[in-house]
Amino acid sequence: HEPIVHVPALLRQAALRSVLILGGGDGGAAKTALQWQTVERVVVVDLDGDVVEECREHMPEVHGGCWDDPRVELKVTDAIKYIDETQETFDIVVGDLTDPMENGPSYFLFTAEFFEKIRARLTPGGVFATQAGTTSLIEEPTLHARIHRT
């Protein structure tokens, strides 16, 4: 989780205060964001509350207790719906999502249209980072090409 949070945080020209994490139900990205002393708020938007609860119970080494930090807000909802409905802006937006497999839950979160919506939710100088799936060309040979085209 460190690269997906620390790299965009380092790219900012101003102090990191607000973080939006799309996906991230295991809490690892939120835990990493909280390492920045200037962070005032971390919003985690995950589609599956059951995943969050299972990770909270069985993966404490990943979330590090972040769910008990008052700066962390969990929104159990669809990321597209959240982005469409919120007017808030964030210093960094992190896509800690499943791979954009066709017919998968994250497929539409890897589109140029969605990336434009993310841009509108960034503060001036804000940064968006997303995971890009497996590096195996054997397992999924077209995954990176699809992401690159967005």
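Just so we're clear, the structure is a prediction, and the values are computed from it rather than from any experiment.

Q: I would appreciate a short explanation of helix α6 (residues 112-120) in the present structure.
A: Each full turn of the α-helix corresponds to 3.6 residues, which orients residues three or four apart in the same direction. Considered for burial, the residues of α6 that qualify are F114, F115 and I118. Angular distribution of buried residues about the axis of α6 spans 100°; they occupy a single face of the element. Along α6, exposed side chains directed more than 90 degrees from the buried face belong to E113 and R119. Along its buried surface, α6 packs onto β1 (18-23), α5 (79-85), β4 (90-96) and β5 (122-130).

Q: Would you mind showing me how to read the pattern of salt bridges here?
A: Pairing between side chains becomes possible if they bear opposite charge and their charged atoms approach one another. Under the defined criterion, the tally for this structure stands at nine salt bridges. Where R56 meets D68, a salt bridge forms, and the shortest distance between an N and an O atom there is 2.5 Å. Of this pair, R56 sits in helix α3 (residues 49-58) while D68 sits in the loop between α4 (60-63) and β3 (72-76), and the two are 12 residues apart along the sequence. With a shortest N-O distance of 3.7 Å, E73 and K75 are connected by a salt bridge. The partly exposed category is assigned to E73, whose relative accessible area is 26%. Exposure remark for K75: the relative accessible area of 30% places this residue in the partly exposed category. Among the charged side chains, a network of salt bridges with common partners joins R41, E73, K75 and E88.

Q: Just checking my understanding: could you explain the sheet that holds β1 for this structure?
A: Backbone hydrogen bonds hold the strands of a sheet together, and the pairing may be parallel or antiparallel. Overall, parallel pairing links the five strands, which are arranged β3-β2-β1-β4-β5 in an open sheet. Edge positions in the sheet fall to β3 and β5, since each of these pairs with one other strand and no more. Averaged over all pairs of adjacent strands, the angle between strand axes in this sheet comes to 15°, irrespective of strand direction. Looking at chain direction, β1 and β4 are connected through five bridges and run parallel. If you follow L20 over to β4, its bridge partner there is V93. Packed onto the sheet, α6 meets β1, β4 and β5 and runs at close to 140° relative to β5.

Thresholds, definitions, all that
Every chain's residues receive numbers from 1 upward, in the order its sequence appears when written. Per-residue local features are limited, in this predicted model, to residues with pLDDT of at least 70; the limit for side-chain atom pairs, both in listing and counting, is 80 or more; totals at the level of whole chains, interfaces and linings are taken over all residues. The side-chain numbers reported here are obtained from all heavy atoms of the structure, hydrogens and water having been left aside. Three labels apply to residues, based on accessible area from a 1.4 Å probe with only protein chains included: buried if under 20% of the type maximum, exposed if over 50%, partly exposed otherwise in between. A run of DSSP states H or I qualifies as a helix once it reaches four residues; a run of E qualifies as a strand once it reaches two. Both are numbered from the N-terminal end. Summarising the geometry, the arc corresponds to the directions from the helix axis toward the C-beta atoms. By definition, residues are in contact when any of their heavy atoms lie within 4.5 Å. Salt bridges are defined as contacts in which a side-chain nitrogen from Lys or Arg sits within 4 Å of a carboxyl oxygen from Asp or Glu. Any two strands are treated as partners once DSSP identifies two or more bridges connecting them. Think of each axis as a best-fit line through the C-alpha atoms, taken over the contacting stretch in the case of a helix, with angles from 0 to 180 degrees between the N-to-C directions.

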